[in-house]
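Reading the structure
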Amino acid sequence: MTTNHANTPPTDRARVRRIAHRAHYDRATLHAILDDAYVCHVAFGDEHGVHCIPTACWREGDHLYIHGSNGSRMLKLAATGAQICVTITHLDGLVLARSAFHHSMNYRSAVIYGRFEVVADAHKAASLDALVERIAPGRSREARPGSAKELAATTVMRIALDEAATKIRTGGPVDDDEDLALPVWAGVLPIGVARLEPVVAAAPSGTPDYVRQWRHDAQPVDA
């Protein structure tokens, strides 16, 4: 495993070239972005062209995990060792500058390159439990676990985080000096993911703590 302690890209392919000062290559920043995500986009190419598929994701240690049906075209190709690119983006705000050209966005993004590997059957159930725990801590101990038939029909895969880059923009607009006196509103329109009230379908034993805390656990993003 390669760990980047300095802000140095792990490979030339992972190097951020456009506005490179926004790049981060340390594991802590990467982990934080991945841990805020429920969905990633997986890009791959096959004989029909190039595809980019959204799918659920979760992190365990220094790997990002995905899962799906054994019949998934994406997972079957990934299982062959094909090169894959995974991306995650969080939009934190719309940046309104005095000039149209300098409008921007505040964001946190991650790009991961590499090959997926299939998680062995012996570890598949535990990995899927980790997904359920990612959704709601404590849930895996309450919900019915996957049956042997369900597990047999599911492929779980993981990709190492050894070749990855993150890119972050924060702050307000950056206008040209000659535009600063223009009588135009400038600033940031923050954007966040709002946690709403749970919608109850069944509560035979009452409401569990992780449901009651759902709205209170959200952490605001400083845009």
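Refer to the preceding data block for the structure.
Notes on the structure follow. (Residues numbered from 1 in each chain as written. Predicted model: local features only at pLDDT ≥ 70, side-chain atom pairs only at ≥ 80, totals over all residues. Heavy atoms only, no water.)

Let us now look at the environment of Ser109. Looking at the element boundaries, Ser109 is found in strand E7 (residues 104-114). Since its relative accessible area comes to 14%, Ser109 is described here as buried. Separated by 86 residues in the primary sequence, Ser109 and Ala23 have C-alpha atoms spaced 9.5 Å apart. Each residue touching Ser109, except ones within four places of it in the same chain, is listed here: Ile33, Ile88, Thr89, Ala165, Thr166 and Lys167. (Helix = DSSP H or I, 4+ residues; strand = E, 2+ residues; numbered from the N terminus. Buried < 20%, exposed > 50% of the residue type's maximum accessible area, 1.4 Å probe, protein only. Contact = heavy atoms within 4.5 Å.)

One pass over the full model with this rule turns up 1 aromatic pair. Summarising the aromatic geometry, the rings of Trp58 and Tyr65 are spaced 5.7 Å apart at their centres and angled 25 degrees between planes, so their arrangement reads as stacked. Considered together, Trp58 and Tyr65 belong to a single accessibility category, that of buried residues. Over the ring of Tyr38 we find Arg134; its NZ or CZ atom is 4.0 Å from the centre of that ring. Just above the ring of Trp214 sits the side chain of Arg195; from NZ or CZ to the centre is 4.2 Å. (Phe/Tyr/Trp six-rings, centres within 6.5 Å; stacked < 30°, edge-to-face > 60°. Lys NZ or Arg CZ within 6 Å of the ring centre and 35° of its normal.)

The subject of this paragraph is the sheet that holds strand E4 (residues 58-60). Across the sheet, 4 strands lie side by side as E4-E5-E9-E8; this open sheet has antiparallel pairing. Two strands close off the open sheet at either side, each with one partner strand: E4 and strand E8 (116-118). The average undirected angle you get between the axes of adjacent strands in this sheet is 35 degrees. Where helix H3 (residues 121-135) meets the sheet, it contacts E4, strand E5 (63-69) and strand E9 (154-160), and its direction lies at approximately 120 degrees from that of E4. (Pairing = 2+ DSSP bridges. Axes fitted to C-alpha atoms, helices over the stretch in contact; angles between N-to-C directions.)

This part covers the pairing of strand E6 (residues 84-96). Where strand E2 (residues 39-46) and E6 come together, 3 bridges link them in antiparallel fashion. Across the sheet, Val42 pairs through a bridge with Val86, a residue of E6. Across 11 bridges, the pairing between E6 and E7 is antiparallel. Bridge pairing in E7 links Ile84 to Gly114.

Treat this as a map of the structure, not an account of what it does.
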